[in-house]
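# Summary of the model geometry
Residues per chain are reported as follows:
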Amino acid sequence: MMVQTFVTLLAVISPLFFIGLINKVKAIWAGRKGASLFQPYYDFMRLLGKGEVISTTTSFVFRVAPSLNVAAVLLALMVVPVPHFGSVIHFDGDFVLFAYALGLAKFLTVIAALDTGSSFEGMGASREVAFSTIVEPAFFVVIGSLALLTQHTSFDSIFASFSTTSRVTPLVTILLLVSLFIMLLAEGSRVPVDDPNTHLELTMIHEVMVLDYSGPDLAFIQYSAALKMTIISILIADLIVPASWTMIPALLLSAIIVGIVFASVGMVESLIARARISHIPQFLLVMTTLSLTAFAVVSFYFFGSIR
Amino acid sequence: MPDVNWIEMKNLQPVALEDIPVIPVEELRSDVIERVKSGGRLVQFFGSKTSDGTMLYAVLADDNASRLFVSSSRFNGIASYSAMTPDLPSAHLYEREFYEEFGILPDGHPWLKPVRKGTPGIDESETPYEFFSMQGEEVHEVGVGPIHAGVIEPGHFRFSCHGEKVYHLEIKLGFQHRGVEELFVKNRNRPLYLEKLSESVAGDTVVGHAGGFIRAVESLADVAVSRRAKAIRTVALELERIAVHLGDLSALSGDVAYLTGNSVFGALRTRVINTTMSICGNRFGRGLVTAGGVNFDITPELQESILSMVDRLDIDVALAAEVLFSSASVLERFEKTGVVDRDAAASIGMVGPAARASGIAVDVRSDHPFGGFEFVPVHKLTLQGGDVFARAYIRFVEIQQSMRIIRQQLMGMSDEASKKNVGTLRRDSLVTSLTEAWRGEIAYTVITDANGEIARVKVKDPSFNNWFALSLAVRGEGISDFPLCNKSFNLSYSGFDL
């Protein structure tokens, strides 16, 4: 129990470190030395110590959204199993809770953006929602394939039995890995879906929705985005780390995988440009295609003739 | 085209005011329209207050013949004339500017909005500026600026959109108006002030603007600058071009979140501006150009180091450009984005690299050679696309061309003095000085009075010609591509606002 708590705590405090890792990778690619890996923590503390400017056109929605946002993402973390340790809470169908906890976080960001009445933020909100309608169903196909393959409907039991399996597991793993990585880029607002570093409000998606935030609320929003990416990368680790591994190797390998995932985000951001907004749906549909392929493979395995 | 209505001159060739024909405005109007339709180009169109009314001057260029033509018309008690703009779209801003400054109404002008000072007789705090607006159920407007998210100059952009698609962009400028033209006249007895002022018209075009103004003054004073000074000025002008083009390629990469291009081109730019600093002590070339020559000579050692910098830069730019222009994700953003086709570009009178990227062969260095270009010819480079890619790629090609020019100029330097004394200016004369700066054609027209003192300075930055092209470029594009289109033109606010 002690260890379980420790691992959960680790997942809660590590996200900002991984953001630092992305920035470090990008700095190295750009030929710079780059800031310390812990810089996001300093930024977080700095923002917590600042005052806030709250637009007079906003209502209470704007003020409560960031805190609720963090709470919703933390709730999503609770149902995600860490390899070997399992999840804090689990029940049949908990992945629906997961999907809609993340959905709630997004909903809060969107209505807070609309609450400001700014045309920029409205534009960002409309983009965010439009792209979510592609990512969300694709995520359910990802989970659907896993549920069908393992015959379980809770994250915890899905991953407990995922690696001890069939001939199609390697193929399904690869398809879902890429699928989840695309989801991570989309949910984390990274290149090529969004550009987290731009100052050009007309091109932004996520950043433009939080333009009006400052101080602790901004710190929460940045933390919540980092946490969301960490959660999805833990899911990626779940796919790879065998459930039978003992505590230390499982934990080490998971940490390495999460690190590699974030470093890859940094690599992607260094090496390719951001896609044109009108082409982002095409990129996101790759996730849909891959997850549907995985689903088809699993279906064939059960109902067809790959047995 | 010998014509009694116009006097022919060349770039930097002064003419006496009494030799400039004064014709009725109707004739001037139809002449300008006719000449521009048959291949001429409107370079300057401006007013000047005199003791007996307002003079309107029009300067046209015949680029193929390397000739300029000037004519004028006197307004004495006439409060309006029939606007040219309906027949000649490229005149639209010039006519608005003339109306704003002198209150003479271009009758029938379709878009008579303020340029920079506000409409005469209208207080903007009572009657606010009215933007063009679209009606419709899902049509929305987005206003950006005048204060922007980045550290850039002020300007307001008003988009009329349907969803993500832009139907119209209206650009409102003038926030940076400092009264540059008045300052030129007010401080006409302070030569150093005038040089500093010309360097500050547009902070990113120091050598271009200072060179343009100072050459006008020199030609009015009949000073023939030494070939050595011309070479040094040309080197500085081309270094400026390379530096800004590199900076633009870096910023274009940054706008599409392409980190490699952003950092590599940014680093290369530093090398170039540091070279300018090694010549004159300032990275942007301030203090280099002065009336009569240059303030700083290039020693043989410096010449060597500039040449070796150029050699290394040549290799590195080629490498970086190959990476940038072969990256699929970058091409996807650049290609077919923000297209200004050749006809549109010609009809609105675009200049500079942006015009050349749309297939229009205008380049003052070749059409109306000045300074070092009198000795070493320059080829006009054009591309056909008119999109962001073309405007990015032409920068790369021009960087390479500029490096060749720098080598030629440095090799051909004579041993004369780099500075001469400048005496008094011709009386009652007019001269037009055209300069191809990195952004395009800068035009200075300087008029002197009966005492040989500056009576009027008309400045035209290339931004004046090209801002409207940005509006055309974003029509039908996604609003998220606006920043990229904007950067591909990289126009000056202060150069426009004066």
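Just so we're clear, the structure is a prediction, and the values are computed from it rather than from any experiment. (Residues numbered from 1 in each chain as written. Chains lettered and ligands numbered in written order. Predicted model: local features only at pLDDT ≥ 70, side-chain atom pairs only at ≥ 80, totals over all residues.)

## With respect to the overall build of chain B
Basically, it comes down to this: Every helix listed is a DSSP run of H or I at least four residues long, and every strand listed is a run of E at least two residues long, numbered separately from the N terminus. The atom set for the radius of gyration is the C-alpha atoms, and the globule formula is 2.2 Å times the number of residues raised to the power 0.38. Residues are called buried when their C-beta atom has 20 or more other C-beta atoms within 10 Å, exposed when it has 12 or fewer, and partly exposed otherwise; all C-beta atoms are positioned from the backbone. Note on contacts: each residue gets a C-beta atom placed from the backbone, and two residues are in contact if those atoms are within 7 Å.
If you tally the helices and strands in chain B, you get 16 helices and 15 strands. Taken against the 2.2 N^0.38 rule, which gives 23 Å for 498 residues, the C-alpha radius of gyration of chain B at 22 Å falls within 12% of a compact globule. Evaluated residue by residue, chain B yields a buried proportion of 53% over its 498 residues. The contacts in chain B between residues at least 6 apart in sequence include a share of 68% that link residues at least 24 apart.

## A few points about the overall build of chain A
From N to C terminus, chain A includes 12 helices and zero strands. Listed N to C, the secondary structure of chain A is α-α-α-α-α-α-α-α-α-α-α-α in terms of helices and strands. Computed over the C-alpha atoms, the radius of gyration of chain A is 19 Å, within 12% of the 19 Å expected from 2.2 N^0.38 for a compact globule of 307 residues. The principal-axis extents of the C-alpha atoms in chain A amount to approximately 60 × 40 × 40 Å. When each of the 307 residues of chain A is scored for burial, the buried share is 49%. Sequence-distant contacts, at least 24 apart, represent 77% of the contacts inside chain A between residues at least 6 apart.

## Thoughts on the interface of chain A and chain B
Accessible area lost upon the coming together of the parts is a frequently used measure of interface size. Cut-off, in case you're wondering: When residue character is reported, Ala, Val, Leu, Ile, Met, Phe, Trp, Tyr, Cys and Pro are called nonpolar, Asp, Glu, Lys and Arg charged, and the others, Gly included, polar.
In this assembly, 26 residues from chain A lie in contact with 24 residues from chain B. Secondary-structure elements contributing two or more residues to the side of chain A that touches chain B are helix 2 (15-29), helix 6 (119-150) and helix 11 (247-271) of chain A. By residue number, the principal contributor to the side of chain A that touches chain B is helix 11 of chain A, which donates three residues. Of the residues belonging to the side of chain A that touches chain B, the class tally is 12 nonpolar, eight polar and six charged.

## Here we look at helix 15 (residues 482-489) of chain B
All names here are of chain B. For helix 15, a buried count of eight out of eight residues is recorded, marking the element as mostly surrounded by other parts of the structure. In this fold, the buried residues of helix 15 make contact with strand 10 (165-172), helix 6 (227-255), helix 9 (328-334), helix 11 (352-357), helix 13 (388-411) and helix 14 (462-474). Asn490 sits one or two residues past helix 15 and shows a positive phi near 45°.

## Some thoughts on unusual backbone geometry
Of the consecutive residues A:Val191 and A:Pro192, the connecting peptide bond is found in the cis state with omega at 5°. Summarising the element assignment, A:Pro192 is placed in the loop between helix 8 (169-187) and helix 9 (206-209). A positive phi angle, near 55°, is found at A:Ser189, a position not held by glycine. Following the sequence through the fold, A:Ser189 ends up in the loop between helix 8 and helix 9. Given 20 C-beta atoms within a 10 Å radius, A:Ser189 is considered buried. In this model, B:Leu498 sits at a positive phi of 50°, which is unusual for a non-glycine residue. Examined against the element boundaries, B:Leu498 turns out to sit in the segment after helix 16 (493-497).

## Some words on helix 1 (residues 25-37) of chain B
Residue and element names in this part refer to chain B. Spelled out, the test is: One fewer than the residue count of a helix, multiplied by 1.5 Å, yields its expected span.
Taking 1.5 Å of rise per residue, 13 residues should cover 18 Å, and helix 1 covers 18 Å from first to last C-alpha, within 8% of that figure. All of the buried residues in helix 1 are Leu28, Arg29, Asp31, Val32, Arg35 and Val36. As for helix 1, its buried residues are in contact with strand 3 (41-50), strand 4 (53-62), strand 5 (67-75) and strand 6 (80-82). Taken from the residues just after helix 1, Gly39 is the one with a positive phi, measuring 105°.

## Here's the deal with the domain arrangement of chain B
Residues and elements named next belong to chain B. The test is simple: As used throughout, domain bounds are those supplied by an automatic or database domain assignment.
With domains assigned, chain B is organised as domain 1 (7-107) and domain 2 (182-461). Put simply, the middle of domain 1 and the middle of domain 2, counted by C-alpha atoms, are 27 Å apart. Counting residues at the interface gives 22 residues for domain 1, matched by 24 residues for domain 2. Mapped onto the side of domain 1 that touches domain 2, the elements with two or more residues apiece are strand 2 (15-16), strand 3 and strand 5.

## A closer look at the sheet that holds strand 10 of chain B
Residues and elements named next belong to chain B. As a reminder, the rule being used: Note on pairing: DSSP must find at least two bridges between two strands before they are called paired. To define axes, lines are fitted to C-alpha atoms, for helices over the stretch in contact only, and angles between the resulting N-to-C directions are given on a 0 to 180 degree scale.
Taken together, three strands build an open sheet; the order of strands is 8-9-10 and the sheet is antiparallel. With partners counted over all chains shown, the strands left at the sheet margins are strand 8 (139-144) and strand 10, one partner each. Here the strands of the sheet are splayed against their neighbours by 20° on average, with no regard to which way each runs. Summarising the sheet, strand 8 and strand 9 (residues 156-162) pair through six bridges and their orientation is antiparallel. Residue Val139 lies in a different strand from strand 9, and its bridge partner there is His162.

## Remarks on the packing of helix 6 of chain A against helix 12 (residues 280-303) of chain A
All names here are of chain A. Applicable threshold: Relative orientations are named as follows: roughly parallel for angles under 35 degrees, roughly antiparallel for angles over 145 degrees, roughly perpendicular for angles from 65 to 115 degrees, and oblique for any other angle. Here a crossing is taken to be left-handed if its near helix is turned anticlockwise relative to the far helix by less than a right angle, and right-handed if that turn runs clockwise.
At a minimum axis distance of 9 Å, the contact between helix 6 and helix 12 shows a crossing angle of 20°. As the angle between them shows, helix 6 and helix 12 are arranged roughly parallel. Considering only the axes of helix 6 and helix 12, their crossing is left-handed. The residue makeup of the contact of helix 6 with helix 12, split by class, is 18 nonpolar, five polar and no charged.

## A few points about the sheet that holds strand 5 of chain B
All names here are of chain B. The four strands are arranged 1-5-4-3 in an open sheet whose pairing can be described as antiparallel. Of all strands in the sheet, those bounded by a partner on one side alone are strand 1 (7-9) and strand 3. Adjacent strand axes in the sheet meet at a mean angle of 25° when their direction is disregarded. Bridging between strand 1 and strand 5 involves three bridges; their strand directions are antiparallel. Looking at the pairing, Ile7 lines up with Val70 of strand 5. Along the sheet, helix 1 contacts strand 3, strand 4 and strand 5; its crossing angle with strand 4, the most-contacted strand, is approximately 15°. Contacts from helix 2 (residues 92-102) reach strand 3 and strand 4, with the element oriented near 5° to strand 3.

## Re the nonpolar core
Stated precisely, the cut-off is as follows: Buried Ala, Val, Leu, Ile, Met, Phe, Trp, Tyr and Cys residues whose C-beta atoms connect them within 7 Å together make up a nonpolar core.
Judged by nonpolar contacts, the single largest core of 246 residues is most densely connected at A:Ala76, A:Val80, B:Leu60, B:Val446 and B:Ala469. Top contributing element to this core by residue count: helix 10 (residues 215-240) of chain A, with 16 residues. Residue contacts for A:Val80: discarding those within four places in its chain leaves A:Ser87, A:Phe98, A:Phe155, A:Ile231, A:Ile234 and A:Leu235.

## Describing the pairing of strand 9 of chain B
The pairing of strand 9 of chain B with strand 10 of chain B spans seven bridges and is classified as antiparallel. Bridged to B:Arg158 within strand 10 of chain B is B:Glu170.

## Some thoughts on the environment of A:Pro81
All names here are of chain A. Of note, Pro81 is situated in the loop between helix 4 (60-78) and helix 5 (94-115). With 23 C-beta atoms counted inside 10 Å, the residue Pro81 sits in the buried group. C-alpha separation for the pair Pro81 and Phe155, spaced 74 residues apart in sequence, amounts to 6.6 Å. Leaving out residues up to four positions away in the same chain, Pro81 has contacts with Gly86, Ser87, Phe155, Asp156, Phe159 and Asp238.

## A closer look at the confidence of the model for chain B
Selection rule: Here pLDDT means the predictor's own confidence in every residue, given as a number from 0 to 100.
With 100% of its residues at a pLDDT of 70 or more, chain B shows a mean pLDDT of 90. In the model output, the complex is listed with pTM 0.91 alongside ipTM 0.87.

## Structural notes on the packing of helix 4 of chain A against helix 10 of chain A
The relative placement of two packed helices comes down to the angle between their axes together with the axis-to-axis distance. Residue and element names in this part refer to chain A. Helix 10 packs onto helix 4 with a crossing angle of 20° between their chain directions and a minimal axis gap of 9 Å. Classified by the angle their axes make, helix 4 and helix 10 are roughly parallel. Judged by the twist between their axes, the crossing of helix 4 over helix 10 is left-handed. In this structure, helix 4 uses Pro66, Ser67, Asn69, Val70, Val73, Ala76 and Leu77 to contact helix 10, whose residues at the interface are Asp217, Phe220, Ile221, Tyr223, Ser224, Leu227, Lys228 and Ile231. The residue inventory of the contact of helix 4 with helix 10, partitioned by class, reads 10 nonpolar, three polar and two charged.

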